Each structure stands twice: as structure tokens, then as C-alpha cells.
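Structural description and commentary
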Amino acid sequence: MEKTAPIVELSHVEVNFKKKAGLFKKADYVNALHDINLSIYPGEVVVLVGESGSGKTTMANVIAGIVQPTSGKVFFKGTQVPKMNQEQREEYRSRIQMVQQDSYASLNPMRRMIKTLGDPLVIKKYSDKKNVEEKVSHFLNTVELTPPENFLQKYPHQLSGGQRQRMLIARAISMNPELLLADEPVSMIDVSLRVSVLNLLAILNQRDNIAITYITHDLATARYVGQNGRIAVMYLGQIVETGNLQEVLSNPQHPYLRALLAAVPIPDPRVARQPRETNIKTMEEIEEGIPHGCRFHNRCPYCKEICKEKKPVMEKHGFSMAACHRIAELPPFSLYQASRKEDNHEG
Ligand SMILES: Nc1ncnc2c1ncn2[C@@H]1O[C@H](COP(=O)(O)OP(=O)(O)OP(=O)(O)O)[C@@H](O)[C@H]1O
């Protein structure tokens, strides 16, 4: 079967941000993304997971064209972004939409919802002025803000966090996107409302075939959203492991992902009281700057000399592509909670 072409493709993307120069300090650079290769295909779900500062938002900004790579290439539907003509550029702007974490900051507090959603539709000629209310109501219905007439005249501060997040999703889908970049879309809303927003993303993916790139530091929601998709695990600006999410999370290869999974709390007091297997160092314990060789070596419990000297490349290991010198020598990963639960049953 012929593989469909990706919506967007990142090839060897590098992003350096300039740090501010101090009185006695020369300007320095933060390497936010390093050698990123990633393609996103129509209708698929890709979950980007990593701790704070690993480069997830920078990656989303590069995909959306908000941040230009320092080097490397970004392609939209096969054309390199800087080489696109005006028409392609407009299509790129519409077909890739972002849903940000902070709905307060993303919505103009002075504008009623009918304006927030309606004006872009008129500007893009997706609607004439006469029918704009009807169009906006359609999108409010799609994101389950019903009845729409209760929301049209409201300002952002008159909505709950969950409703504002739905409003952001409505604004994004009104541009007829092929890819939604959802950057921690539920981290600022009430836990009780999170599942319904995540379910909405799943509906948009399955019913309307919109590709979703879900960005999070939370493995629980990553598992939920990406159950039929792919995962890319990020560490200090690099993708360190990627593959089918279910397979990767049940058989993780990279020591960083193993440690993340072992650190997930287990809601069972008998298990929670047992000592945990995680022994990676915290971010504060590593020296400043990007480590030489493998970027994870300063925190890795399996570090050897080669890890300090040579950068590992992405290779096939089990169901994953992963970058680590030591994977072949590591013990098989059995989920800590599974083994602990077995111990408890035996006892
Ligand atoms: N505009 C900028 N100028 C300078 N440094 C930046 C800029 N944007 C991001 N960075 C730095 O780049 C690195 C990656 O940041 P990024 O926001 O992409 O990470 P993240 O994984 O999304 O983190 P978080 O989950 O906290 O948002 C960080 O060290 C951050 O401080």
C-alpha cells in the first residue's frame, strides 16, 4: 500500500535561542531543539512527551511556522516552508492550527465570542457577514458549547476554564485544519473537565480525520489521547525514543522513558510504601549546559564512558526507535507496578 504524504515534515531541525547578554557576560545560546526528524501524517495522533524545558513548545512553534529553525528544513505538504508561494503560505497558516495551554492569554478579553470566532471567518472568506452568526453557532455546537446563543455574546471572563478551552478549539477548527497542535490543552483546567476536552480532541480526530499533535508532560493523558497513535519522547531538545504509543509504553527502551514510567505513582497504599526504582538525578543535579555525548548521561543510572563521549543515534530497538548506547545490555523492563502487584498477590 502506498504511504500517504506527510502534512508536515521536520528534517534535521536545530533551534538556538539567544540568551540575553549581561554586563560582564557575552550573549549565549540555548539549544532548544537538536537534530529533530519528525513527520506528521494526515489523520494521525502524535504525542510529544517530555519534562519542562525539553523543547516541546518550540517544536510546536516550528511546526506552525511561528519559530524559524536555525538550521534544518521544514516541509508543508512536500514544499519547503521558505520556498512556498503566497497561496501555499496561506494554506499552511490555515491547515495547521494551535490550541494553547493558557486560554486567558489566547483570547482577547475585550471581544465577545461572536467577534473572536466570526471575524477570522469573514477575513478568510469562509463566511459572509450575513451568515456569520450561523457559522459561529455551528462551530460552538461542534465543541459542545450549547445552546450556542448562550455563548455568542459572552466575554472570555464569563466562561469557565473548560468552556474557554473549547472556545480555543472552536476557533482552531473554524479554519478547517488538517493538523491541530494541542499544547498542554488541559493542564490549566479543572481535573473533572479534562476528560471531556480530551474526548473532544478524539472526536475531531476520528470523525473529522484531523491529525492531532498532543503536547504534554503527563504520561496519563498521553496514554489516553495517543492510544491509537505514536509517541515521541523528548529530552533536552532531542527525540530520544519514538514509536507506536501502546508498544513503546509497554516495552520502553530508553533509560529516561523507563525512569519516567517507574516514577508514575500507583494508587495503592501497599505499593506506594515500597521503595521505588527511580534513581535518575533531578534537573538541578546536572551541571549547567548541554552535556557532551549522550545528553542524558549525567542523570542516567546506566551511564558508561562511551555515553560521555559519543552521541548515540536513533536505532531500532524492539518496537521503538531509540537513541542510547546501552539498550542492548539493559535488563528487560517489567513495569514496576506489575511486579509489585504480583508480590502483593503472592503475599
Ligand atoms: N524565546 C525564547 N528565548 C530564549 N530561550 C527560549 C525561548 N523559548 C524557549 N526557550 C528555551 O528553550 C528551551 C525549550 O523550551 P520549551 O518551552 O520549548 O520547552 P517545553 O518542553 O515546552 O517546556 P514547558 O513544558 O515548560 O513549556 C528551554 O530551555 C527554554 O528556556
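The structure displayed is predicted, hence computed values, not measured ones. (Residues numbered from 1 in each chain as written. Predicted model: local features only at pLDDT ≥ 70, side-chain atom pairs only at ≥ 80, totals over all residues.)

1. Regarding helix α4 (residues 113-123)
Looking only at α4, the buried set comprises Met-113, Thr-116, Leu-117, Gly-118 and Leu-121. Lining the buried residues of α4 we find α5 (132-142) and α6 (161-173). Immediately beyond the C-terminal end of α4, within one or two residues, lies Lys-125, with a positive phi of roughly 65°. (Buried ≥ 20, exposed ≤ 12 C-beta atoms within 10 Å, placed from the backbone. Helix = DSSP H or I, 4+ residues; strand = E, 2+ residues; numbered from the N terminus. Contact = placed C-beta atoms within 7 Å.)

2. Regarding the site of the ligand
What surrounds the ligand is the set Phe-17, Val-30, Ala-32, Gly-50, Ser-52, Gly-53, Ser-54, Gly-55, Lys-56, Thr-57, Thr-58 and His-217. When contributions to the shell around the ligand are tallied by element, the ones reaching two or more residues are β2 (29-40) and α1 (56-64). Among the elements that make up the shell around the ligand, the one with the highest residue count is α1 (three residues). The class makeup of the residues in the shell around the ligand is three nonpolar, eight polar and one charged. (Near = placed C-beta within 6 Å. Nonpolar A, V, L, I, M, F, W, Y, C, P; charged D, E, K, R; others polar.)

3. Re unusual backbone geometry
Of note, the amide linkage connecting Thr-146 to Pro-147 takes the cis form, showing an omega dihedral of -10°. Looking at where Pro-147 falls in the secondary structure, it is placed in the loop between α5 and α6. The phi angle at Lys-77 is positive, at roughly 50°, despite the residue not being glycine.

4. So, the pairing of strand β7 (residues 179-183)
Summarising burial for β7: five of the five residues are buried, a large majority. Residues Leu-179, Leu-181 and Asp-183 of β7 are buried on one face, and the alternating residues Leu-180 and Ala-182, pointing to the opposite face, are buried as well. In terms of strand pairing, strand β6 (residues 96-99) meets β7 through four bridges, oriented parallel. Within β7, the residue paired with Met-98 across the bridge is Leu-181. Here five bridges tie β7 to strand β8 (residues 211-216), and the two strands are oriented parallel to one another. Along β8, the bridge assignment pairs Leu-181 with Thr-213. (Pairing = 2+ DSSP bridges.)

5. Quick notes on the environment of Glu-315
Assignment of secondary structure puts Glu-315 in strand β11 (residues 315-317). Residues contacting Glu-315, with those up to four places away along its chain left out, are Met-321 and Ala-322.

6. As for the domain arrangement of the protein chain
By the assigned domains, the protein chain splits into domain 1 (8-240) and domain 2 (252-346). In this assembly, seven residues from domain 1 lie in contact with eleven residues from domain 2. Those elements giving two or more residues to the side of domain 1 that touches domain 2 turn out to be β9 (230-235) and β10 (238-244). A per-class count over the side of domain 1 that touches domain 2 returns five nonpolar, two polar and no charged. (Domains from an automatic or database assignment.)

7. Quick word on the environment of Phe-139
Relative to the elements of secondary structure, Phe-139 occurs in helix α5. Under the C-beta neighbour-count criterion, Phe-139 is labelled buried, with 21 such atoms within 10 Å. Once you skip the residues sitting within four places of it in the chain, Phe-139 turns out to touch Leu-117, Ala-170, Ile-173 and Ser-174.

8. Details of the sheet that holds β10
On the basis of which strands lie adjacent, the open sheet formed by eight strands has the order β6-β7-β8-β3-β9-β10-β12-β11 and mixed pairing. Here the strands that pair on one side only, and so sit at the sheet edges, are β6 and β11. Across the sheet, the mean angle from the axis of one strand to that of its neighbour is 20°, orientation sign disregarded. Pairing of β9 with β10, which is carried by six bridges, proceeds in the antiparallel orientation. In the strand pairing of β10, Met-234 is matched with Ile-239. Its contacts with the sheet place α6 against β6 and β7, and it is angled at close to 175° to β6. (Axes fitted to C-alpha atoms, helices over the stretch in contact; angles between N-to-C directions.)

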